[in-house]
Each structure stands twice: as structure tokens, then as C-alpha cells.
Amino acid sequence: MKVQGSFKALKVIPDDRRIADFWIAPWGWAAVTAAIEGGLTEALHKGAQAPHVLAGSLGLHPVSTESILRVMVAMGFAQEKNKVFGLAPDARAYLVPSSPLSRLAELSKHFETPEHKWIVRKLREITPILRTFGDTWRENPDEDASVKDAAAGMDSVIKAPSTAVVRSKAFQGVEHILDVGGGSGAFAVTLTEHQPETRVTILDLPAMCKQAQSWVEKRGAKNIDFHPADFFKDAWAQGCDAIYFSNVLHDWPLKDVQILLQQARATVEDKPRHRGRLYVLEVLRNENRNGPLMATIFHMQMQMGFGGAQLTRSDFGKLFQEAGFSGPRVVARFGYYSLLQAHAL
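Residues numbered from 1 in each chain as written. Predicted model: local features only at pLDDT ≥ 70, side-chain atom pairs only at ≥ 80, totals over all residues. Heavy atoms only, no water.

Moving on: the overall build of the protein chain. Across its full length, the protein chain carries 13 helices and nine strands. In terms of C-alpha radius of gyration, the protein chain reaches 21 Å, essentially the compact-globule figure of 20 Å for 345 residues. Each principal axis of the C-alpha atoms in the protein chain carries an extent, and together these give about 65 × 45 × 40 Å. Counting the 345 residues in the protein chain, one finds 53% classified as buried. A fraction of 69% describes how many contacts in the protein chain between residues 6 or more apart in sequence connect residues 24 or more apart. Put simply, the protein chain shows about 15,800 Å² of open surface, and 54% of that area lies on carbon and sulfur atoms. (Helix = DSSP H or I, 4+ residues; strand = E, 2+ residues; numbered from the N terminus. Rg over C-alpha atoms; globule rule 2.2 N^0.38 Å. Buried < 20%, exposed > 50% of the residue type's maximum accessible area, 1.4 Å probe, protein only. Contact = heavy atoms within 4.5 Å. Areas by Shrake-Rupley, 256 points an atom, 1.4 Å probe, with all protein chains shown as cover.)

A few words on the environment of Ala-160. Tracing the backbone through its elements, the reader meets Ala-160 in helix H8 (residues 146-167). The class of Ala-160 is partly exposed, set by a relative accessible area of 24%. Through-space distance from the C-alpha of Ala-160 to that of Asp-15 is 8.7 Å; in sequence the pair is 145 residues apart.

Moving on: the pairing of strand E1 (residues 78-81). The side chains of a regular strand alternate between both faces of the sheet. The pairing of E1 with strand E2 (residues 84-87) spans four bridges and is antiparallel. Across the sheet, residue Gln-79 finds its bridge partner in E2, namely Gly-86. Between the end of E1 and the start of E2, which pair antiparallel, lie two residues, with Asn-82 showing a positive phi angle near 55 degrees. (Pairing = 2+ DSSP bridges.)

Taking 1.5 Å of rise per residue, the 14 residues of helix H12 (residues 293-306) would be expected to cover 20 Å, and the 20 Å separating its terminal C-alpha atoms lies within 8% of that figure. The positive-phi residue at the C-terminal boundary of H12 is Gly-307, with phi of around 80 degrees. (Expected span 1.5 Å × (residues − 1).)

Here we come to the side chain of Thr-41. Of note, Thr-41 is situated in helix H2 (residues 40-45). Here Leu-95 takes part through its backbone oxygen, which lies 2.9 Å from a polar atom of the side chain of Thr-41. Each residue touching Thr-41, except ones within four places of it in the same chain, is listed here: Ala-35, Ile-36, Met-72, Leu-87, Leu-95, Val-96 and Pro-97. (Polar contact = N/O pair within 3.5 Å; in protein donor to acceptor, adjacent residues only side chain to side chain.)

Read from one edge of the open sheet, seven strands run E5-E4-E3-E6-E7-E9-E8, paired in mixed fashion. Every other strand in the sheet has two partners, leaving strand E5 (224-228) and strand E8 (329-334) as the edge strands with one partner each. For this sheet the average axis-to-axis angle between neighbouring strands, irrespective of direction, equals 20 degrees. Where strand E3 (residues 176-180) lies against strand E4 (residues 199-204), five bridges are found, and the strand directions are parallel. (Axes fitted to C-alpha atoms, helices over the stretch in contact; angles between N-to-C directions.)

As a packed pair, H8 and helix H10 (residues 206-218) sit with axes 10 Å apart at the nearest point and diverge in direction by 60 degrees. Looking at the two axes, H8 sits oblique to H10. Here H8 and H10 pass one another in a crossing that is right-handed. Along the contact surface, H8 presents Val-147, Lys-148, Ala-150, Ala-151, Ala-152, Met-154 and Asp-155, while H10 presents Ala-207, Met-208, Gln-211 and Trp-215. Taken together, the residues of the contact of H8 with H10 break down into eight nonpolar, one polar and two charged. (Parallel < 35°, antiparallel > 145°, perpendicular 65-115°, else oblique. Left-handed = near helix turned anticlockwise from the far one by under 90°. Nonpolar A, V, L, I, M, F, W, Y, C, P; charged D, E, K, R; others polar.)

Now the structure itself:
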């Protein structure tokens, strides 16, 4: 069935932060209950500690321990000063098993959720077992329903931010943009609807490109082509004057993010009129890494699942300059998302 309407026809795109908060809320509570089950609240009741010290005494993974503690800070249940964490008064009273005011009986149902069990398991993995994004459907893509599920999930999350940043006119003047890890094609469709003169090439794994192509066709989009490839192993499409990463860089450890940005710099054409452009759409964490809550929980998910991270603007500034781009400017915002723009040096 052809999708009715277009992104361009939408008159209003309401802020989606309440929807994002609703979606991610179970993971916030799961982080708190995992902190209780993992012994973090009981240990911190005795005094503030650094995450690596706390993790060492409890047999937990130090980076995952810090991720959970930062979620608790963002929720108001913990405090952090110079990377040493302590409990807030209400957490000390109600979230410590040995406290006479403990509310664990009320919270017991949360200990049975899939989110809680996953976080506890990851917290206890001293050597993390990380997934590579897409590795569940590389081998038999046509037979694996997870391809469609992954595309649908990415499409759902990114449609509104994509439309909003395109309408900001940040992409004006771009002739040919390479959408790296383009997923469902939502950005490509909305960009070409608003800027029909701009060509978009979607670079993604063959299984995802196949799925995206069917969705692009249903939406009646034009001036979009596909470059099926593994962006770590295979050659990238050439002839592009802009590179775009949307919700992609957070999936990977920093060493891999550096590889992707270096490849972007080697690929983007440096045209005199506006120089080669780099765009990154991500949920940014505050510089203190303790908020906003959605970004802090999102970071925990990326760190525990993929070894990735929700980065700060300063983090991206360093990575961009190391790869040969200018420092980033925030050129558009929507909900929790920020669109960073830089140019090739």
C-alpha cells in the first residue's frame, strides 16, 4: 500500500520530547532497580565513591557502572562531583535495601521487566559482550524479519527530526549528499521532497538498502539511489559534496567513529562554492554528561549494547578536527536532536 501524504505536506511537526520520554521511561526505572540489585545503592549509602572503585568492590563493569550512576544523577537520585558519586537524600532513604524506609516491596515488579534483566546482565559482564549493529541479519537478510523491524524502528524515531532539520534549510546548496547508514530512507525522502534538485545516495548494508528501496518507492520519492556496502569494509560512493550521519555514530566505539569521520573526509568533494560539508544528527549529552535524562539513558543503552556513546558537542568538536573538518556548529534543533554542521578543511 502506498503511503498517503508526504513529509512536505505536513503543516506542523510538534515537539516529540514527551513521546521520547514516554518511550525511554522504562529504561530509567530499570537503571534504578539494577543499581539496587547490583548493590550500588547499598554501597553508596556508606559514602560517595568513584565508579571504578565501586565496580571493583562489587564485581561489576566500571563503564556500565558509571553509565547507571549518571542516569541516577539525571533522575535526581544521585549527585556527582569530580567523578565521585553519592546518593541524594530520598534515594538514601527509599532505595537502599537496609534502610528502615526502604520501598523495595513497591518496586519489586520492576525487577521482573526485560529492561531490568538486560541491564543487570550487562552490568555484571566484566568483559562486555557487544553486538555490532546489523549483525543479526547479515547472513540471511531475506529470511530475517529483524531487517524489517530494524528499518521500522529507525523510521519511526527519525521521521520527525529529519523533516524538521530539512525545513531549517541547513541543506540548501547541497547538490549530492551521501546518507551514511541511511536506514529506512526517511531523511532521503524528506530532503528530496523539499529540495528536488538535491540528489541523495543511501549507503547501508545490502539488506537495509533493499528494505529502504521498497519504502522509498511506496513514498513515491525521486532522485534517490542506493550504494549497498559495509561502510567499514567497502568503498563509499563518490561525487558527493556532503556527508550525513543520522543516529549512526552513537552505535560505535570512539575508535570506529574516528574511522568513519576520516572516511567521510576522504570522500567528500571540496567544492569552492561551499566546501565539502559534514552533517551529524544526534541526541547530545550535556557537557557534564549527566543530562538531559533521555540522552543519558540513551547513552547507557548504546554503551552497554554496542560500546557506543551519546557524545557532547565538545566531544564531536575534537573528533571533527582530528578527521580534518572544522569545529561543529549547531544549525538546527528538534526535540532532543541537534544537527551539527562542519566543513572540510
